[in-house]
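Residue strings, one per chain:
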Amino acid sequence: MRVSFMKFVYEPSIIHDYYHASATCGLHGWDPRIKLASLVAAVALNVVVANGWLSFSLFLSALALALWSRIPFRHVAFFLIAPIWATLVVFIGFSIGFGRTPLLAVGPFTVYEEGLFQGLSAVARVGADMSWMSVVFLTTPFSSMLAALSWFRVPTVLVDTIATSYRYTFLILDEFRRMRQTARSRGGFRGYSSAVKTTANILAQVILKAYDRAQQIHLAMVARGSQFRGERTMPDTKASVSCPNRCEVTPIYRNGCAPVVQCKDLCFAFPGSDTP
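Remember, predicted model here, so these are calculated numbers, not experimental data. (Residues numbered from 1 in each chain as written. Predicted model: local features only at pLDDT ≥ 70, side-chain atom pairs only at ≥ 80, totals over all residues. Heavy atoms only, no water.)

Caption draft 1: Summary view of the packing of aromatic side chains. In total, this model carries six aromatic pairs according to the counting rule given. Pairing tryptophan 151 with phenylalanine 152 gives two aromatic rings, centres 5.0 Å apart and planes at 85°, and the pair type is edge-to-face. A relative accessible area of 47% places tryptophan 151 in the partly exposed class. An angle of 85° between the planes, with centres 5.1 Å apart, marks the rings of tyrosine 166 and phenylalanine 170 as edge-to-face. One end of the pair is tyrosine 166 and the other is phenylalanine 170, both in helix H9 (residues 156-185) and four residues apart, which spans about a single turn. Among the aromatic side chains, those forming a connected cluster through ring pairs are Phe142, Tyr166 and Phe170. Here the basic side chain of arginine 167 rests over the ring of tyrosine 168, its NZ or CZ set 5.6 Å away from the ring centre. The ring of phenylalanine 189 is capped by arginine 184, whose NZ or CZ atom sits 5.0 Å from the centre of that ring. (Phe/Tyr/Trp six-rings, centres within 6.5 Å; stacked < 30°, edge-to-face > 60°. Buried < 20%, exposed > 50% of the residue type's maximum accessible area, 1.4 Å probe, protein only. Helix = DSSP H or I, 4+ residues; strand = E, 2+ residues; numbered from the N terminus. Lys NZ or Arg CZ within 6 Å of the ring centre and 35° of its normal.)

Caption draft 2: Inspection of the environment of glutamine 205 at higher detail. Positionally, glutamine 205 belongs in helix H10 (residues 192-223). Under the relative-accessibility criterion, glutamine 205 is labelled partly exposed at 39%. As a C-alpha pair, glutamine 205 and methionine 179 span 26 residues in sequence and 9.3 Å in three-dimensional space.

What follows is the structure, encoded as C-alpha cells:
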C-alpha cells in the first residue's frame, strides 16, 4: 500500500500521459476556450458569493462532469490531495480561533460551532475550485490550454513563462526522484530523522541545480536572439578586446590570460558566393 501511494505522489506523469489519451466523451471534445471560461466563472462565483451550499453544489457538479468525461478517480484525487495540508491548517485555525459557542474541548483548545462551520465552508471552497481545475486540465492538452490563453489576450511573456515552467517541472521532479533513489540505496532513509535530513539535503541540491539550469537556459535563449531586457548576466562586450577590423565574430573577453581570436588570421565565405 505504501509503495502504491508513493508512486501515486511521485509520478505526476500519470497526469501528463492522460492529456494525450484518445478520449472524445464528455468534456474532451469541448473547445478549450469554453472550458477555460467556465473554470474562471466557477472560481469567481465561488470566491465572490462564498456560500457553503454553493461550493458544495459546484463540487458535486465537477464530480458529475468527471464521471461524464470518464476521468479516472485517482487523477481527480491528485488535485484534491495536493492542498490537503494547507486546507487542514485553515480548518483547524477557523475551528479553534473563531466563534462564541463552545462545541467541545480538546486539551487546552476549544472548538467553537461558528468556527467549525466557517472551516467547513473554507474546505468546501477549496474542494470546489480544485475539482473544477481537475476536470478542465484533465480534459484539455496543455498546448491547447496555452492556445486558449493566447486567444484571451493573456500577455505573451506570461504564456511563455507558464510553458517553460511546465516543461522543466518534470525534469526537476525526475532529478529529485533519481537523487532520492540514490540516497535510499545508500541508507539515507533509515529512520524518520534520517529521512527528513536526507530529503532536506536533496531539496536544497535540486533548488541550486534549478537555479543553475535557469541561468544556462537564459544564456542559451540570449545566444539564439532572445530580446530579454533584464539584468545582464554576462560581461559587457565593451570591456572586451575587440578585433582591429571591428568584425562581429570576436568572442567576449573573460580574463587577461585567455587569447582573443581575431579575424585577420581567418577566412570566411558566405553561401552562394565565390569571394571569401
